[in-house]
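The chain contents come next:
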Amino acid sequence: MHAPLIVGGGPAGSAAAIRLAMAGLQPTLLERSREPEDKVCGDFLSGGSLAALRSLGLDPAMLGGHPIRRVRLLQGERTAEAALPFAALGVSRRHLDAVLLEAAAQRGTLVRRGERLRGLSADGRVARLTSGESLAPRTLFLATGKHDVAGALRPDRAGGAVGLKAYVRLAPVQRAALAGSVEVVLLRGAYAGLQLVENDRAVVCVMQDRSAAPHRRSPADEAGPLASRDVAALLADLAARAPALARRLEGAVPERLRPFAIAGIPYGHLHRTDPADPTGLFRLGDQACVIPSLAGEGIALALGSGRLAAETWIGGGDAARYHHCFSRAVAPPLRRAVGLHRLCLGPAQAWVVSLAGWIPGLLPLAAAWTRATRLG
Ligand SMILES: Cc1cc2nc3c(=O)[nH]c(=O)nc-3n(C[C@H](O)[C@H](O)[C@H](O)COP(=O)(O)OP(=O)(O)OC[C@H]3O[C@@H](n4cnc5c(N)ncnc54)[C@H](O)[C@@H]3O)c2cc1C
């Protein structure tokens, strides 16, 4: 039996490789980067992500991440805080992805790093690599995440959302204040997530939706694009826009000059099967579904999709069957996350935080509602 060819060594591709290898198969996985890399992501591993790791035989404790049990939502001088309804972990994506890919290799996956899929033929059957090689796998697991591939473009990728990320060393008093919590700061047309990851580093990850009309009382009140040319400028801009960030980032030392950045994030995308789709093309992770970052559930969906695709294929199912099962499981939390994302970006954002402060169960409820528990 020829195992599927997996393209992309993020959480989705690695999870699929591990699950196939658990069934005694030896898949090949192509990953374009030669070495582990940082990725634009808030580095928040939800309860669903941790459960998905366990279901692949991996113990999250070996990641050495920063334990997170609380969530704080902030806007202006308003704050709402609550315990999360699950234990979470802060782990840098460079570390997580390296561990997952290594686990896949140890279990028998042939990992070919530095191999980039350039495009698929019109019928989706032939994969052309930038090295010039052409492959014609019977089954292709497309797990290229945030990066689209010619011949298999996602339709909604023209969205205006931009992601920016930086690692910083916080001042000791701010590090202590942030420990154990994830903070989500609502800005005009944007939100920022802050938390600690392994080795007490802090990650600052920002999503700015430039397609969402910023709510403004006067033209002068409009917030323009965030400064993204270097991390110091980005931090200064964030501090100027939100008092909570000004306090948290006081004395913060960036780890590198340039922020990591990504544009055109198609929030809300969910791949629906079409009779014209090639039967052997399975889309995994962000190629199948893009849940708003606010939910902190993208990695859980990526890991779950990898496992589900592998199990469907092992059971003799085709791509249409996999996509049907996947979209049934993720559509409800995706819808709720998109609704929450819009609410938090829109003119009611101050009300959202005030309400979450007044009604203690609201934040945990929102966190629970945006989990893809049916994928588990
Ligand atoms: C701003 C922002 C913040 C986020 N924060 C969180 C969070 O805190 N928690 C959370 O759970 N989710 C978060 N997410 C979502 C999460 O990052 C994604 O859902 C997750 O990374 C998807 O995993 P994946 O394996 O599908 O893709 P990716 O993680 O994007 O991995 C894809 C892999 O494929 C490789 N690749 C790409 N193109 C090719 C090619 N042509 N050939 C070969 N290899 C290729 C890449 O190098 C990469 O290794 C966030 C997303 C954004 C944009």
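Scoring rules and cut-offs
- Residues numbered from 1 in each chain as written.
- Predicted model: local features only at pLDDT ≥ 70, side-chain atom pairs only at ≥ 80, totals over all residues.
- Helix = DSSP H or I, 4+ residues; strand = E, 2+ residues; numbered from the N terminus.
- Rg over C-alpha atoms; globule rule 2.2 N^0.38 Å.
- Buried ≥ 20, exposed ≤ 12 C-beta atoms within 10 Å, placed from the backbone.
- Near = placed C-beta within 6 Å.
- Nonpolar A, V, L, I, M, F, W, Y, C, P; charged D, E, K, R; others polar.
- Axes fitted to C-alpha atoms, helices over the stretch in contact; angles between N-to-C directions.
- Left-handed = near helix turned anticlockwise from the far one by under 90°.
- Contact = placed C-beta atoms within 7 Å.
- Pairing = 2+ DSSP bridges.
- Parallel < 35°, antiparallel > 145°, perpendicular 65-115°, else oblique.

A look at the overall build of the chain
Here is step 1 of the chain: Along the backbone of the chain there are 10 helices and 17 strands.
Here is step 2 of the chain: Relative to the 2.2 N^0.38 estimate, which gives 21 Å for 376 residues, the radius of gyration of the chain is 20 Å and therefore close to what a compact globule would have.
Here is step 3 of the chain: Each principal axis of the C-alpha atoms in the chain carries an extent, and together these give about 60 × 40 × 40 Å.
Here is step 4 of the chain: Among the 376 residues that make up the chain, the fraction classed as buried is 48%.

Some points on the site of the ligand
Here is step 1 of the chain: Close to the ligand lie 41 residues, the nearest being Gly10, Gly42, Gly145, Gly285 and Gly298.
Here is step 2 of the chain: Mapped onto the shell around the ligand, the elements with two or more residues apiece are helix H1 (11-22), strand S2 (28-31), strand S14 (202-209), strand S16 (260-265) and helix H7 (298-314).
Here is step 3 of the chain: It is H7 that provides the largest number of residues to the shell around the ligand, a total of four residues.
Here is step 4 of the chain: Of the residues contributing to the shell around the ligand, the split by class is 17 nonpolar, 16 polar and eight charged.

Focus: unusual backbone geometry
Here is step 1 of the chain: With a phi angle near 65°, Asp43 is a residue other than glycine that sits in the positive phi range.
Here is step 2 of the chain: Relative to the elements of secondary structure, Asp43 occurs in the loop between S2 and strand S3 (44-45).
Here is step 3 of the chain: For Asp43, a count of 30 C-beta atoms within 10 Å translates into the label buried.
Here is step 4 of the chain: Even without a glycine there, the phi angle at Asp200 is positive, about 60°.
Here is step 5 of the chain: A count of 13 C-beta atoms within 10 Å places Asp200 in the partly exposed class.

Topic: the packing of H1 against H7
Here is step 1 of the chain: Relative to each other, H1 and H7 sit at 35°, their axes nearing to 7 Å. For H1 against H7, the interelement crossing comes out right-handed. In this structure, H1 uses Pro11, Ala12, Gly13, Ser14, Ala15, Ala16, Arg19 and Leu20 to contact H7, whose residues at the interface are Ile299, Ala302, Leu303, Ser305, Gly306, Arg307, Ala309, Ala310 and Glu311.
Here is step 2 of the chain: Across the contact of H1 with H7, the residue classes tally to 10 nonpolar, four polar and three charged.

Focus on the sheet that holds strand S7 (residues 117-120)
Here is step 1 of the chain: Pairing in this open sheet of three strands is antiparallel, and the strands run S7-S8-S9 from one edge to the other. The outermost strands of the open sheet, each flanked by one partner alone, are S7 and strand S9 (134-135).
Here is step 2 of the chain: Pairing analysis gives two bridges linking strand S8 (residues 127-129) to S9, with the strands arranged antiparallel. Each residue of the ladder has a partner; that of Ala127, found in S9, is Leu135.

Considering the packing of H1 against helix H3 (residues 93-106)
Pairs of packed helices are described in terms of their axes, by the angle between the two and the distance that separates them.
Here is step 1 of the chain: The contact between H1 and H3 brings their axes to 8 Å, and the two run at 25°. Overall, the two elements H1 and H3 adopt an arrangement that is roughly parallel. As H1 packs across H3, the resulting crossing turns out to be left-handed. In this structure, H1 uses Pro11, Ser14, Ala17, Ile18 and Ala21 to contact H3, whose residues at the interface are Asp97, Leu100, Leu101, Ala103 and Ala104.
Here is step 2 of the chain: Grouping the constituent residues of the contact of H1 with H3 by class yields eight nonpolar, one polar and one charged.

Here we look at the pairing of strand S12 (residues 181-187)
Here is step 1 of the chain: Counting buried positions over the seven residues of S12 gives six, a clear majority of the element.
Here is step 2 of the chain: Pairing of strand S4 (residues 66-75) with S12, which is carried by five bridges, proceeds in the parallel orientation. The residue bridging Leu73 from the neighbouring strand is Val184, located in S12.
Here is step 3 of the chain: Strand direction decides the pairing type here: S12 and strand S13 (residues 190-196), joined by five bridges, are antiparallel.

Describing the sheet that holds strand S6 (residues 110-113)
Here is step 1 of the chain: Spatially, five strands are ordered S6-S2-S1-S10-S17 in an open sheet, and the strand pairing comes out parallel. This sheet does not close on itself; its edge strands, each paired only once, are S6 and strand S17 (281-283). Recorded for the sheet is a direction-independent mean angle of 20° between the axes of neighbouring strands.
Here is step 2 of the chain: Here S2 pairs with S6 via four bridges, running parallel.

Here's the deal with the environment of Leu142
Here is step 1 of the chain: Mapped onto the secondary structure, Leu142 falls in strand S10 (residues 140-142).
Here is step 2 of the chain: Separated by 221 residues in sequence, Leu142 and Leu363 place their C-alpha atoms 34 Å apart.

Considering helix H2 (residues 47-55)
Here is step 1 of the chain: Those residues of H2 lying buried are Gly47, Gly48, Ser49, Leu50, Ala52 and Leu53.
Here is step 2 of the chain: Looking at the buried positions of H2, the neighbouring elements they touch are H1, S3, strand S5 (78-90) and H7.
Here is step 3 of the chain: Looking at the residues trailing H2, positive phi occurs at Gly57, about 80°.

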